[in-house]
Amino acid sequence: MFWKYAALVKNLRGVVLPSPGEEGVGEGVQWLTERFRYRNVGVPPSVVSKAPEFFEKRLGGKPFVELAYPVEELKRFADFVSKALSVSVDVAEAVVLASAYVSPILVIGRSLVEEVEKLSIHSIWSNTQLDASGWRLHLRIADYTVLDFYSKSVEESTSLWEERFNPSAFVDKRAKAAQRDEKRYWRLKRGEGEPWLFMLYVDLASCLAKAMDRNPSVAEELRSFSPDTCSAALCIESAVLVPLQRATS
């Protein structure tokens, strides 16, 4: 499967996480189709199987492509994340694959916001409405957030495998890094409208650090995985929340 990863990673602009069955999600998928006509958007395997009505006719680069795990261990790691952090397999898989593919997460559906928030360390709120060009710009900025964080935050994440790991110091450092990154979204603060949630900084590493601190068995199981492989799933990521009432504007 590694050749599929290599073919996709350079041209991928996001990993979609929809809420099947929620009203308006189909419109959100169509909105992404229109925004990414010349780039690819990844669909996790679990989403393809659970929401074929959205993607079966759009797979193959129009713009959606089904993602593959670059290595089998990451699939088992996603299952571990789901159990350790009490999130659905769909959410865990999307976050793990988004990090492995160095891409933002594109969340479609209000019902998913609370679950994704459980994995976040900081948030971006907007005081202004976005038109098509504004969305295009800020989706690109969200992509830069992941790219700029990737190498350093993945390298930092390998410390979770160290015996003298300090969870509180690690979590604090990551939260401050996300807070500093917020300045690139300054345009969203220029309006005077009612604030709405644009993006979450998602960090599995911080969430696992907290879980390890509470439960030694989580640390034991995490350390059964290879840090060289699974740290690739632990980048600080951007998760853009596509508001359904604006998805067709």
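Keep in mind it's a predicted model, so treat the numbers as computed, not measured. (Residues numbered from 1 in each chain as written. Predicted model: local features only at pLDDT ≥ 70, side-chain atom pairs only at ≥ 80, totals over all residues. Heavy atoms only, no water.)

## Some details on the overall build of the chain
The test is simple: Working definition: helices are DSSP H or I runs of at least four residues, strands are E runs of at least two. Numbering for both runs from the N terminus. What the globule rule says is 2.2 Å times the number of residues to the power 0.38, and the radius of gyration is computed from C-alpha atoms. Partly exposed residues are those whose accessible area sits between 20% and 50% of the maximum for their type, while under 20% is buried and over 50% is exposed, using a 1.4 Å probe and protein chains only. Residues count as neighbours in contact if any of their non-hydrogen atoms are within 4.5 Å of one another. Values of accessible area rely on a 1.4 Å probe in the Shrake-Rupley scheme; residue burial ignores everything except the protein chains shown. Neither His nor the chain ends contribute to the count of charged residues, in which Lys and Arg are positive and Asp and Glu negative. Note on charges: their place is set at NZ of Lys, CZ of Arg, CG of Asp or CD of Glu.
Regarding its fold elements, the chain presents 12 helices and seven strands. Computed over the C-alpha atoms, the radius of gyration of the chain is 17 Å, within 12% of the 18 Å expected from 2.2 N^0.38 for a compact globule of 249 residues. Here the C-alpha coordinates of the chain stretch approximately 50 × 40 × 30 Å along the principal axes. Sorting the 249 residues of the chain into buried and exposed places 57% on the buried side. Contacts spanning at least 24 positions in sequence make up 85% of the contacts within the chain whose residues lie at least 6 apart. A total accessible area of about 11,500 Å² is found for the chain, and carbon and sulfur atoms account for 50% of it. In the chain, the 32 positive side-chain charges and the 33 negative ones have mean positions that sit 6 Å from each other.

## Digging into the pairing of strand β1 (residues 12–18)
Looking down a regular strand, the side chains alternate between one sheet face and the other. Worth spelling out the cut-off: At least two DSSP bridges between two strands are needed for those strands to be called paired. For crossovers, right-handed means that the path from the first strand over the helix to the second runs clockwise, given strands pointing away from the viewer.
Judged by how many residues are buried, β1 sits mostly within the fold: six of seven residues are covered. Relative to strand β2 (residues 40–43), β1 runs parallel, the two being bridged by two bridges. Paired with L12 across the strands is N40, a residue of β2. In this view, the connection linking β1 to its parallel neighbour β2 by way of helix α2 (residues 25–35) has right-handed handedness. Relative to strand β4 (residues 105–108), β1 runs parallel, the two being bridged by four bridges. Within β4, the residue paired with V16 across the bridge is L106.

## Quick notes on unusual backbone geometry
At S86, a residue that is not glycine, the phi angle is positive and equals roughly 55°. Note on placement: S86 falls in the loop between α5 (72–85) and α6 (89–100). Despite not being glycine, V102 has its phi angle at roughly 50°, a positive value. As for its position among the elements, V102 is in the loop between α6 and β4.

## Looking at the side chain of S159
The condition that has to hold: In the analysis that follows, any N or O atom pair within 3.5 Å is treated as a polar contact, provided that within protein one partner can donate a hydrogen and the other can accept it, and provided that, for residues neighboring in sequence, both atoms belong to side chains.
Relative to the assigned elements, S159 resides in the loop between α8 (132–157) and α9 (167–181). A polar contact is formed between the side chain of S159 and the backbone oxygen of E156, at a distance of 2.7 Å. Here S159 is in contact with F165 and F170, once residues within four sequence places are set aside.

## Here we look at the layout of surface pockets
Stated formally: Residues are called lining when one of their atoms sits within 4 Å of a cavity or pocket point, these points coming from a 1 Å grid over the protein atoms alone, where a cavity is a set in which a 1.4 Å probe fits but cannot get out and a pocket is an open set with protein on both sides within 12 Å along at least five of seven lines. Grid points are joined across faces, edges and corners, and a volume is the space filled by probe spheres set on the points. By the convention adopted, Pro, Cys, Tyr, Trp, Phe, Met, Ile, Leu, Val and Ala count as nonpolar, Lys, Arg, Asp and Glu as charged, and the other residues, Gly among them, as polar.
In this structure, the largest pocket occupies an estimated 480 Å³ of space. Broken down by secondary-structure element, the contributors of at least two residues to the lining of the largest pocket are β1, α2 and α8. Among the elements that line the lining of the largest pocket, the one with the most residues is α8, at six residues. Tallied by class, residues from the lining of the largest pocket come to nine nonpolar, no polar and nine charged.

## Structural notes on the sheet that holds β1
Inclusion rule: The axes used here are C-alpha line fits, helices contributing only the stretch in contact, and every angle between their N-to-C directions lies in the interval 0 to 180 degrees.
Spatial ordering of the open sheet is given by β3-β2-β1-β4-β7-β6-β5, a layout of seven strands whose pairing is mixed. The sheet is open, and its two borders are formed by β3 (64–66) and β5 (120–126), each paired with just one other strand. When the angles between neighbouring strand axes are averaged without regard to direction, this sheet yields 30°. In the packing of α6 onto the sheet, the strands contacted are β1, β4, β6 (196–202) and β7 (237–242), and the crossing angle to β1 comes to about 175°. α8 contacts β1, β4, β6 and β7 of the sheet and is inclined by roughly 160° relative to β7.

## A look at the packing of aromatic side chains
A ring pair, where both rings are aromatic, is described by two values, the distance of the centres and the angle of the planes. Formally: Stacked, tilted and edge-to-face pairs are distinguished by plane angle, under 30 degrees for stacked and over 60 for edge-to-face with tilted covering the rest, among Phe, Tyr and Trp rings (Trp via its six-membered ring) whose centres lie within 6.5 Å.
In the structure shown here, the tally under the stated rule is 10 aromatic pairs. Seen in terms of ring centroids, F77 and F80 are 5.6 Å apart; in terms of plane orientation they differ by 45°. Their pairing is tilted. On the criterion of helical spacing, the pair formed by F77 and F80 is a turn pair, its members being three residues apart in helix α5. Each member of the pair F77 and F80 is classed as buried.

## Here we look at α9
Convention followed: By this rule, a helix spans an expected 1.5 Å times one less than how many residues it contains. Relevant arc is that of directions from the helix axis to the C-beta atoms, nothing else.
Under the 1.5 Å per step criterion, the end-to-end length of α9 is 21 Å for 15 residues, consistent within 8% with the ideal 21 Å. Looking at α9, one finds that the buried residues are P167, F170, V171, R174, A175, A177, A178 and D181. End-on, the buried residues of α9 take up no more than an arc of 155°, which puts them together on one face. Seen from the open side of α9, the exposed residues pointing more than 90 degrees away from its buried face are S168 and R180.

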